[in-house]
Every structure is written in structure tokens, then in C-alpha cells.
Amino acid sequence: MYSVPRYGRKYSGPLLSAATCTPALSAQDQLKVDTVREKLLAIAVEQCTTCYEEWLDLNVNIHGVCARCRKSSKYKPANAMFPGVYPNHLPELTQMEEMLIAPVHALVQVWQVRGGQYKYTGHICNFPRETAVFHAKVPLLPEQLDVIIMRRKGQATTLNLALTEDFCVRRAPVQQWLEYLMVNHPTFQSNECTIDFDALNQLPEDGSIYDRLHDVDVREMDETFEEGPPQGDDPGDVPETPLYS
Ligand SMILES: [Zn+2]
């Protein structure tokens, strides 16, 4: 009798028919599957030794130079086009933490928030400022960020888990990044921008800054905010401003 060992026991079910035992794929189809799998496994990220870009299909030649760099020498380190090796040893920052340590601010970010206990819905619009602002001391305080929270009037937004995560700031990772920038970033090395330790100590050790951001109560949400970004594929459908993210 045909039996299949299963967890140490003998299979005692009905016998499999010959049709069931036939492979689902023909030999020809199996060959095609194998070829696709082989080609997928062969896809690898390439790195250019001139511009240091790492991506797929860069068409890097035997000298390690990508197709773009073979045509133009614009993207070479001498033109300050290489920001340096990414510091993988540093912790990943939340979007709010990144904004707090950035010396240059070129956007005003508007959040439309309609909150619930477990989730919230809304949109984010990034409006370009006419002139970018340069801060000589970082981190900024949450109150200084160009982030505006729009809430419907009379509708309190419960601080739920999702909101807490999106507006989370942790002091230690922020300090780690600032210390790294002081040593490695030209703007910090030249003291054009310095660390404001008083401001750093006013950041939460690990908590939300949602209540410290600018907020606006609005009676009616703007239709643009209600609908969100345009969905059309045609780039002409997307207005220049506001910019959505
Ligand atoms: Zn290149």
C-alpha cells in the first residue's frame, strides 16, 4: 500500500490517482519558469565608481563607470555631487526628527487630520516657501517647525497610536545624528550651523510632539484637502502647487 510518512505516522487516506501524480507543469513550462527565476536572481544592484549611484540597470562597464557618467562628468565628487557614504550605523529618524535637525527649510507642511481612537485619516500637502529659511542652530523646537495641523472645528482629535508614531521624536537618535553631522557635514564643520543643546534638552526623550505643533481649527475643510491629490496619470492633471506627498 502507498504510504506517506507524516509526523512519524503512516498515511492511511485514499490512494492518489495517476492523474494527481502528474506534474502540474509540463517539462517545457518548467523550463520557462526556471529561465524566469534564473533571470530574476541575476538582477543585482549596480554601483558606479564615479557618481556612487547604486541602482538597477546602470549599465556599469568593466571600469565601474555607469552609462550616465560615460556621457557626462557632471556627477563627480569634484562637483560636490556626492554627499558621502550613508551612515548605516546611525538610527533611522522619523520624518519629524529629520525636520528638526535640518538647517534649511524650503517647505511648509500642512496636515489635515480627522482622528479616531485607533486610526486617523487625512492628507499632507507640502507648499514650497518663496524663500528657504536657513537656521544657524538646530535642532529646532517643534513650535518652530513649519508644520500646520488642520482639524475640523469642534472635532477633537484623539491622540491615537498612528498619530503618536507619525509625530514621534526621540532625543537620543536626534543627538546621535547631530553629533555625526558636526564631524562630517561641511555646514556644521564650518560652524555655519551649530547644535543648540538647550533646544535638544527640550525635546521629548521618546514621545509625541503633536501638541506642540501649530494647529488651526477650520469649520469647513477645503475641497482639495477632502479629495486628496489628483489621481490622473497625466502629469498635466497635477497642479504645480500645492505639492502632495
Ligand atoms: Zn555614474
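Residues numbered from 1 in each chain as written. Predicted model: local features only at pLDDT ≥ 70, side-chain atom pairs only at ≥ 80, totals over all residues. Heavy atoms only, no water.

1. As for the side chain of Asn 126
Stage number 1. Within the fold, Asn 126 resides in strand E4 (residues 120-134).
Stage number 2. A distance of 3.1 Å separates the side chain of Asn 126 from the side chain of Gln 109, its partner in a polar contact. (Helix = DSSP H or I, 4+ residues; strand = E, 2+ residues; numbered from the N terminus. Polar contact = N/O pair within 3.5 Å; in protein donor to acceptor, adjacent residues only side chain to side chain.)

2. Re the layout of surface pockets
Stage number 1. Taken as a whole, the largest pocket spans an internal volume of roughly 500 Å³.
Stage number 2. What lines the largest pocket is a set of 19 residues, and nearest its centre among them are Pro 87, Trp 177, Tyr 180, Leu 181 and His 185.
Stage number 3. Secondary-structure elements contributing two or more residues to the lining of the largest pocket are helix H4 (95-101), helix H6 (171-184) and helix H7 (186-189).
Stage number 4. A per-element tally of the lining of the largest pocket places H6 first, with four residues.
Stage number 5. Its boundaries defined by the atoms lining it, the second largest pocket holds a volume of some 160 Å³.
Stage number 6. Surrounding the second largest pocket, ten residues form its lining, Met 99, His 105, Ala 106, Leu 107 and Gln 109 being those nearest its centre.
Stage number 7. Among the secondary structure elements, those contributing two or more residues to the lining of the second largest pocket are H4 and strand E3 (104-115).
Stage number 8. A total of five residues in the lining of the second largest pocket trace back to one element, the largest contributor, which is E3.
Stage number 9. Grouping the amino acids of the lining of the second largest pocket by side-chain chemistry returns five nonpolar, five polar and no charged. (1 Å grid on protein atoms, 1.4 Å probe; cavity = no way out; pocket = protein on both sides within 12 Å on 5 of 7 lines; lining within 4 Å. Points joined across faces, edges and corners; volume = space filled by probe spheres on them. Nonpolar A, V, L, I, M, F, W, Y, C, P; charged D, E, K, R; others polar.)

3. Observations concerning a nonpolar patch on the surface
Stage number 1. Among the surface-exposed residues, Val 36, Leu 40, Ile 43, Val 45, Trp 55 and Leu 56 lie close enough to one another that they form a single nonpolar patch of about 620 Å² accessible area.
Stage number 2. Mapped onto the secondary structure, Leu 40 falls in helix H2 (residues 27-42). (Patch = residues over 30% accessible without salt bridge, like charges linked within 9 Å, V, L, I, M, F, W, Y side chains within 5 Å. Areas by Shrake-Rupley, 256 points an atom, 1.4 Å probe, with all protein chains shown as cover. Salt bridge = Lys/Arg side-chain N within 4 Å of Asp/Glu carboxyl O.)

4. So, the packing of aromatic side chains
Stage number 1. Applying the stated criterion across every chain, the model contains five aromatic pairs.
Stage number 2. Seen from their ring centres, Tyr 52 and Phe 82 are 3.9 Å apart, and the 20° between their planes marks the pair as stacked. Of the two residues, Tyr 52 sits in the loop between strand E1 (46-47) and strand E2 (54-55) while Phe 82 sits in the loop between helix H3 (67-71) and H4, which places them 30 residues apart along the sequence.
Stage number 3. Given a relative accessible area of 28%, Phe 82 falls into the partly exposed group. (Phe/Tyr/Trp six-rings, centres within 6.5 Å; stacked < 30°, edge-to-face > 60°. Buried < 20%, exposed > 50% of the residue type's maximum accessible area, 1.4 Å probe, protein only.)

5. Re the coordination of the zinc ion
Metal coordination angles have textbook ideals: 109.5 degrees for a tetrahedral set of four donors and 90 or 180 degrees for an octahedral set of six.
Stage number 1. Donor atoms from the polypeptide that coordinate the zinc ion comprise Cys 48 (SG), Cys 51 (SG), Cys 66 (SG) and Cys 69 (SG), at 2.3 Å from the metal.
Stage number 2. Relative to the metal, the four donor atoms surrounding the zinc ion lie at angles of 105 to 118°, and the coordination shape comes out tetrahedral.
Stage number 3. For the zinc ion, the donor residues sit on a single chain with the sequence spacing C-x2-C-x14-C-x2-C. Note that Cys 48 is positioned in the loop between E1 and E2 and Cys 69 in helix H3, a separation of 21 residues in sequence. There is no split in this pair, since Cys 48 and Cys 69 are both buried. (Donors = N, O, S within 2.8 Å, 3.2 Å for Na, K, Ca; no water. Tetrahedral: all angles 85-135°; square planar, octahedral: opposite > 155°, others 65-115°.)

6. A short note on the side chain of Gln 109
Stage number 1. Locating Gln 109 in the fold gives a position in strand E3.
Stage number 2. Within the structure, the side chain of Gln 109 is placed 3.3 Å from the side chain of Gln 95, a separation counted as a polar contact.
Stage number 3. Once residues within four sequence positions are removed from consideration, Gln 109 is found in contact with Gln 95, Met 96, Met 99, Ile 124, Cys 125, Asn 126, Asp 146, Val 147 and Ile 148. (Contact = heavy atoms within 4.5 Å.)

Note that all results are geometric; they support no functional claim without further evidence.
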